[in-house]
Amino acid sequence: ITLDKKQGGIYMKINEIFENKDLVFSFEIFPPKTTSSVKTIYNTLEELKDLKPDFISVTYGAGGSLVNNRTIELSSLVKEKYGVEAVAHLTCINSTKKEIDYILDNLKSKGIENVLALRGDIPEGQTLRGDFKYAYELISHIKERGYFNIAAACYPEGYVRGRDLKEDLMHLKLKEESGASHFISQLFFDNNYFYNFLEEKDKLNIKSSIEAGIMPVTNKAQIERITSLCSATLPEKFVKIVNKYEHEKEALRDAGIAYAVEQIVDLVSSGVQGIHLYTMNNPYVARKITESIDSIRNSINKKRVV
Ligand code: FAD
């Protein structure tokens, strides 16, 4: 079956895409919060599909509520209606093994073969009721069940800023040994952290493919959210842009797009294996960025004889 899919140019598992492309380019989207925004997500997906991403990943609601979780539904839509390979995110920190199995069974029944296995953030002040403490435990569990291709998260600046990267890398190695064959990175704004991370993971002989997570920062609220939620270093030239255009909506958007494109061109020219664009469900921004790197993407991938 795999051979047929390859001949048709459709790859079902992310590791197969990496085997056949020198540069993988993918998007992340999140499920809309209310049913009223379902129409918007259709329009978003219609536009994202035209940009020919290698896959689209769909985030999983924090807290891992089974009732409200729309990740399965949206992943299935990405794959069935829009014909783009889907990766379903799945967090485990607050779920029992039974609940995780229920979700995996559901994903399998819908033909979703790729899962991004995550621990999830520990909810403040809540007693955890899950059977899994770390992502690697979820990864082993999924691996044991078979069927799925497993991706996981990595952190170029370390999970906690200032902490020794080596500790994180040991845990990354554990995720690989447990069955992850692909890593997607946390967002970063200074490529040097990513290059340093790649060098360090090579020393531990971590072989899985790694995609650089790029978030185009195009509005002020997003910047505030990023700085409160994640420890990515903001380089001087990034801060300069934000300060200069924080009250100019369109100028900030365009400067944010240009910054992301510059980051991507540098990463791709340095030979990274993949770019995962955090689209924030914004097809305009995704389109501007994708079109800017179109010829670069083609030039890298045409060198490969499949
Ligand atoms: P882990 O790999 O388990 O690591 C968490 C921490 O535990 C790290 O400090 C690690 O070093 C440490 N650790 C790991 N193993 C061990 C061990 N054996 N002993 C001691 N310490 C250990 N969150 C969502 O809720 N939904 C999403 O859809 C989502 N998507 C994401 C996508 C990407 C690409 C990324 C980078 C993050 C995403 N997150 C999402 C956030 C993620 O859930 C959090 O960052 C979470 O706090 C950590 O998840 P993890 O899978 O990296 O955890």
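You'll find the structure just up there.
Overview of the structure.

## Here's the deal with the environment of Tyr82
And step 1. On the secondary structure map, Tyr82 appears in the loop between helix 4 (71–80) and strand 3 (86–91).
And step 2. Judged by its relative accessible area of 7%, Tyr82 falls in the buried class.
And step 3. Residues Tyr82 and Asp50, 32 residues apart in the sequence, show an inter-C-alpha distance of 9.4 Å.
And step 4. Those residues in contact with Tyr82 that sit more than four places away from it in its chain are Tyr42, Leu45, Glu46, Lys49 and Leu77.
And step 5. Here the side chain of Tyr82 touches Tyr42 through a polar contact of 3.3 Å, landing on its backbone oxygen.

## A look at the nonpolar core
In a soluble, globular protein the nonpolar side chains are often hidden away together inside.
And step 1. Counting 62 residues, the largest nonpolar core has Ile29, Leu45, Leu107 and Ile275 as its most contacted members.
And step 2. Residue contributions to this core peak at 6 residues, all from helix 11 (residues 249–269).
And step 3. If we ignore the near neighbours within four places in the chain, the residues touching Ile29 are Ile41, Leu45, Leu48, Ile56, Ser57, Val58, Thr59, Leu74, Val78, Thr279 and Asn281.

## So, the packing of aromatic side chains
And step 1. Evaluation of the coordinates by the stated rule reveals 8 aromatic pairs.
And step 2. Ring centres of Tyr147 and Phe148 lie 4.9 Å apart, and the angle between their planes is 90°; on these two criteria the pair is classed as edge-to-face.
And step 3. You can call Tyr147 partly exposed: its relative accessible area is 29%.
And step 4. Cluster of aromatic residues (ring-pair linked, three or more members): Phe188, Phe194 and Phe197.
And step 5. Geometry around Tyr42 places Lys81 over its ring, the cationic atom sitting 5.6 Å from the centre.

About the cut-offs
- Residues numbered from 1 in each chain as written.
- Predicted model: local features only at pLDDT ≥ 70, side-chain atom pairs only at ≥ 80, totals over all residues.
- Heavy atoms only, no water.
- Helix = DSSP H or I, 4+ residues; strand = E, 2+ residues; numbered from the N terminus.
- Buried < 20%, exposed > 50% of the residue type's maximum accessible area, 1.4 Å probe, protein only.
- Contact = heavy atoms within 4.5 Å.
- Polar contact = N/O pair within 3.5 Å; in protein donor to acceptor, adjacent residues only side chain to side chain.
- Core = buried A, V, L, I, M, F, W, Y, C linked by side-chain atoms within 4.5 Å.
- Phe/Tyr/Trp six-rings, centres within 6.5 Å; stacked < 30°, edge-to-face > 60°.
- Lys NZ or Arg CZ within 6 Å of the ring centre and 35° of its normal.

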